[in-house]
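Descriptive analysis of the structure
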Amino acid sequence: MTHDTLPLIRRAVPGDADRITEVFLAARGRMAYLPRLHTDEETAAWITGVVIPRHEVWVAEPHGRVAGFAALSDEWLEHLYVAPDAQGLGLGSALLAQAKKVRPSLLSLYVFQQNTGARRFYERHGFVLTALGDGGDNEERLPDARYRWRAADEL
C-alpha cells in the first residue's frame with residue numbers, strides 16, 4: 001500500500017461488530033491448526049459483548065470497509081487480525097503502528113508458535129520473544145509464544 005492509499009485507522013464503534021466478526025472468523029479459518037471451539041454465533045456475541053466494549057479496538061478501513069482490527073487492553077495487544085483478502089497490503093503494519101502510538105512504552109502479546117508468519121511479522125516490527133508456553137494457559141491448548149515491544153528496545 002503506498003503512502004497515498006494508506007487505510008483509515010479509527011476507533012471501532014459497536015456498529016463494526018459484524019464486520020470485525022467476519023474478519024476474525026475468516027483470518028482464523030485460514031489457520032488449519034486451530035481447533036474450532038465456538039460457533040460463529042458465539043464468536044459474534046463475544047465480539048459484540050466482550051471485545052468491543054472491554055477493549056480499545058482500532059479498525060483498518062481501506063475503501064470504506066473494515067478489513068482488519070487490533071484490540072488492546074492495558075499493555076496487551078490482545079488481537080490483531082486482517083481479512084485474508086487484504087493481507088499483504090500493509091493493514092497489519094498500520095494497525096500495529098497505531099497500537100504502538102497509543103501504547104508508546106510497552107506492548108506484549110501472545111501468538112501461537114505454529115503461526116510462523118505472525119511471529120516473523122512481530123519480529124520485523126521490533127517485538128522480542130520473551131517466553132514459550134505449552135498451551136496450558138490458552139483456550140486452544142496450543143503452544144504459544146510471548147512477545148514484548150518496548151520503545152527503549154528500538155533506540
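In this report, the structure presented in the accompanying data block is examined. Owing to the predicted nature of the structure, the values given are computational and were not obtained by experimental measurement.

Description of the packing of aromatic side chains
What the rule picks out here adds up to seven aromatic pairs. A ring pair is formed by phenylalanine 24 and tyrosine 81, whose centres lie 4.9 Å apart and whose planes are at 75 degrees; its orientation type is edge-to-face. In this pair, phenylalanine 24 is assigned in helix α1 (residues 17–29) and tyrosine 81 in strand β4 (residues 76–82), connecting sequence segments 57 residues apart. Residue phenylalanine 24 is classed as buried on the basis of its relative accessible area of 7%. Here tyrosine 81 falls in the buried class, since its relative accessible area comes to 11%. Ring plane angle 65 degrees and centroid distance 5.4 Å describe the contact between tyrosine 122 and phenylalanine 127, whose orientation is recorded as edge-to-face. Each member of the pair, tyrosine 122 together with phenylalanine 127, is buried. Ring-pair connections join several aromatic residues into one group, and the members of that group are Phe24, Trp46, Phe69 and Tyr81. Over the face of the ring belonging to tryptophan 58 we find arginine 11, whose NZ or CZ atom lies 5.6 Å from the ring centre.

Let's talk about the pairing of strand β2 (residues 56–61)
Along β2, six of the six residues are buried, which leaves the element largely enclosed by surrounding structure. Alternating positions in β2 separate into two faces, Glu56, Trp58 and Ala60 on one and Val57, Val59 and Glu61 on the other, with burial throughout. The pairing of strand β1 (residues 8–11) with β2 spans four bridges and is classified as antiparallel. Bridge pairing in β2 places leucine 8 opposite glutamate 61. Direction of pairing for β2 relative to strand β3 (residues 68–73): antiparallel, over a ladder of five bridges. Note that in β3 the partner of tryptophan 58 across the bridge is alanine 70. In textbook terms, the turn of a hairpin is the stretch between consecutive antiparallel strands, and for β2 and β3 this stretch comprises six residues, one of which, histidine 63, has a positive phi near 60 degrees.

Parameters at a glance
- Residues numbered from 1 in each chain as written.
- Predicted model: local features only at pLDDT ≥ 70, side-chain atom pairs only at ≥ 80, totals over all residues.
- Heavy atoms only, no water.
- Phe/Tyr/Trp six-rings, centres within 6.5 Å; stacked < 30°, edge-to-face > 60°.
- Helix = DSSP H or I, 4+ residues; strand = E, 2+ residues; numbered from the N terminus.
- Buried < 20%, exposed > 50% of the residue type's maximum accessible area, 1.4 Å probe, protein only.
- Lys NZ or Arg CZ within 6 Å of the ring centre and 35° of its normal.
- Pairing = 2+ DSSP bridges.

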